[in-house]
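Here's the letter readout for the chains.
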Amino acid sequence: MFRAVRNSWRLLRVTLSFARHDALFPLETLGIAPPLIAWARLFAVRRDSRRPGERLAAALQEMGPSFIKLGQALSTRADLLSGEVAADLARLQDHLPAFPGELARRTIERELGRPVEAVYARFDDTPIAAASIAQVHFATTTDGRDVAVKVLRPGIEAAFARDLDLFYWMAELVERTQPRFRRLKPVESVKAFADVVRVEMDLRMEAAAAEELGENFRDDPDYRAPAIDWDRTAQRVMTQERVDGTPIGDRDAIIAAGHDPNEVMRKAAEAFFYQVFRDGFFHADMHGGNAFVDRQGCIVPVDFGIMGRVDSDTRGHLAELLVAFLRRDYRAVAEVQFRAGYVPANQSLEMFAQACRAIGEPIFGKPSNEISIGRLLAHLLRVTEQFEMTVQPQLLLLQKTMLMAEGMGTRLNPHVNIWELARPLIEDWMREHFGPRATLERAAGDLVQGLRRVPRLIDSLHLVAERERRKAERDVAEPPFFGRFWPRPGFAEAVAVLALIAAIMAWWH
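Here's what I pulled together on the structure shown here. (Residues numbered from 1 in each chain as written. Predicted model: local features only at pLDDT ≥ 70, side-chain atom pairs only at ≥ 80, totals over all residues. Heavy atoms only, no water.)

Along its 15 residues, helix α14 (residues 312-326) runs 21 Å from first to last C-alpha, staying within 8% of the 21 Å computed at 1.5 Å per residue. The buried fraction of α14 amounts to twelve of the 15 residues, a majority that puts the element mostly inside the structure. Within the sequence span of α14, burial applies to Thr314, Arg315, Gly316, His317, Leu318, Ala319, Leu321, Leu322, Val323, Ala324, Phe325 and Leu326. For α14, the N-terminal capping position is held by Asp311, with its side-chain oxygen 3.2 Å away from the main-chain nitrogen of Asp313. Of the residues one or two after α14, Arg328 is the one with positive phi, at around 60 degrees. (Helix = DSSP H or I, 4+ residues; strand = E, 2+ residues; numbered from the N terminus. Expected span 1.5 Å × (residues − 1). Buried < 20%, exposed > 50% of the residue type's maximum accessible area, 1.4 Å probe, protein only. Polar contact = N/O pair within 3.5 Å; in protein donor to acceptor, adjacent residues only side chain to side chain.)

Listed below in structure tokens is the structure:
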């Protein structure tokens, strides 16, 4: 009861903030507390010339860090919002006024258990960047290395906990009162959002993500992650190598530094492909300010708070989906999604293929440099209600990242499609992992695993047979018949099984 009262009061404040920016339409769509919304309408600003998405972004910005993060997450939900609103939310800036350097120093000393002077020979109190969860200061370590130090905002964990409780409460309310929205999994979506935020608020997790990405690209001359200083990293403080380079989103600066934008774009496209399809672990906040091109032309990402993972099955489905769309084979597009279980089996394959054609043709009828795969996935999400498709959270984060990558590619060269650069890699990966030989190898591997279980299965069956024999002897004084029909394998049978396994293993290699 107390939770309902507390969150009802907070919902009232949120509604009034939305009303001040004439941005009540999301709450109206969700059908949350209609009388409250009708009352808030009395306070709404009239004749606001801004687009709906701009008004919503301004309202979320006003309400603080967690609402800014929520707006950025909603920018992927083209199934909930129009494409224009989603695009406006994607531009929502995660910038807040900086907190004093003295508070950052206190956090460092508390987390590392040493005075700042014992950790850093120089520490700049003025941050170079301030966002909703943390801010970044430049420093020099006591052994002379230039580093960047990320420090969490004071009290940010408690503030997010309060807001997340409100988001959960509202999602539960929607699931209870609006059955038509249950397929969108509002509670599960809030949980996914909460998981991302919790990782962002433990800088040890961010440091681990940076190191994992760096390990994946250890031998790549074109892409690397900055080194982490673990001795100067804790839950609320992270120290990493300072990146000396040019922001990847600044085409003019890249040219001035002597780099070829087309070559940078190629490297970015290949790195994105390897992250998603080879590793299943990708940087999910890749806007133009979160990566740099160093003096050698190597791309160096920063800010690893939001990372995505894609399991092997989803990678296969996604690769097939992208290649089918690029070939404009819409029946194949539909078949992939039916096979993946994204579309219920009771739906019409032909009708869904027709819907995919209606989505793809307006996009692929344009020049290649205007084709947006990220926007394509966004349009695909809009037909979810018509075909009773369930939301795939892992694809939402990937779609957002693809839109960011496309925006970055457009700034580098508006006449080149970043996905056309990655297409040969995707097709090679498909042949390697889903071609005839790969299919046979997987089948052989499954057979080998099955054969390895045969001796254990036979032993288990003998135990069952022995138990049944004893039971039969107790019940009736007659000899059991089970052993007559299931003899224990002898030496010849064992040799035959081992020979079969050896033959398969020889073919496998």
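Trans is the prevailing form of peptide bonds, just as negative phi is the prevailing case for residues other than glycine. Positive phi, close to 50 degrees, is recorded for Asp22, a residue that is not glycine. The exposure class of Asp22 is buried, given its relative accessible area of 15%. Here the phi dihedral of Asp303 falls at roughly 60 degrees; this positive angle occurs in a residue that is not glycine. With respect to the helices, strands and loops of the structure, Asp303 is situated in the loop between β9 (299-301) and β10 (307-309). Exposure remark for Asp303: the relative accessible area of 25% places this residue in the partly exposed category.

Looking now at helix α4 (residues 52-63). Between its first and last C-alpha, α4 extends 17 Å over twelve residues, near the 16 Å set by a 1.5 Å rise per residue. Listed in full, the buried residues belonging to α4 are Gly53, Arg55, Leu56, Ala57, Ala59, Leu60 and Met63. One or two residues past the end of α4 sits Gly64, with phi positive at roughly 110 degrees.

Here we come to the pattern of salt bridges. Tallied over the entire structure, the rule returns 37 salt bridges. In this structure, the salt-bridge partner of Lys191 is Asp195, at a minimum N-O distance of 3.1 Å. With a gap of four residues between them, Lys191 and Asp195 both fall in helix α10 (residues 186-200), about one helical turn apart. The class of Lys191 is partly exposed, set by a relative accessible area of 43%. One salt bridge in this structure joins Arg224 and Asp294, with 3.8 Å as the shortest N-O distance. Here Arg224, found in the loop between α11 (203-216) and β5 (237-241), pairs with Asp294, found in strand β8 (residues 291-294); they are 70 residues apart in sequence, far enough to count as distant. Of the residues examined, Arg224 reaches a relative accessible area of 28% and is grouped as partly exposed. Within the structure, one salt-bridge network assembled from shared partners comprises Asp222, Glu263, Arg266, Lys267 and Glu270. (Salt bridge = Lys/Arg side-chain N within 4 Å of Asp/Glu carboxyl O.)

Within a pair of aromatic rings, the relevant descriptors are the distance that separates the centres and the angle that separates the planes. Using the criterion set out here, one finds nine aromatic pairs in the structure. Arranged with centres 5.2 Å apart and planes meeting at 90 degrees, the rings of Phe67 and Phe167 form a pair that is edge-to-face. Remark: Phe167 occurs in helix α9 (residues 156-177) and Phe67 occurs in helix α5 (residues 65-74); sequence separation between them is 100 residues. Here the two residues Phe67 and Phe167 agree in accessibility, since each one is buried. Site record: aromatic cluster; members linked through ring pairs are Phe67, Phe167 and Phe193. When the ring centre of Phe138 is taken as origin, the NZ or CZ atom of Arg242, which lies over that ring, is 4.1 Å away. We note Arg278 situated over the ring of Phe217; from NZ or CZ to the ring centre the distance is 4.9 Å. (Phe/Tyr/Trp six-rings, centres within 6.5 Å; stacked < 30°, edge-to-face > 60°. Lys NZ or Arg CZ within 6 Å of the ring centre and 35° of its normal.)

Under the definition given, this model contains five cavities of 30 Å³ or more. Considering only enclosed or pocket space, the second largest cavity measures out at about 120 Å³ in volume. If you tally residues by element for the lining of the second largest cavity, the top one is helix α13 (residues 261-279), at five residues. Tallied by class, residues from the lining of the second largest cavity come to twelve nonpolar, two polar and no charged. (1 Å grid on protein atoms, 1.4 Å probe; cavity = no way out; pocket = protein on both sides within 12 Å on 5 of 7 lines; lining within 4 Å. Points joined across faces, edges and corners; volume = space filled by probe spheres on them. Nonpolar A, V, L, I, M, F, W, Y, C, P; charged D, E, K, R; others polar.)

Without other data, these values stay purely geometric and don't point to any function.
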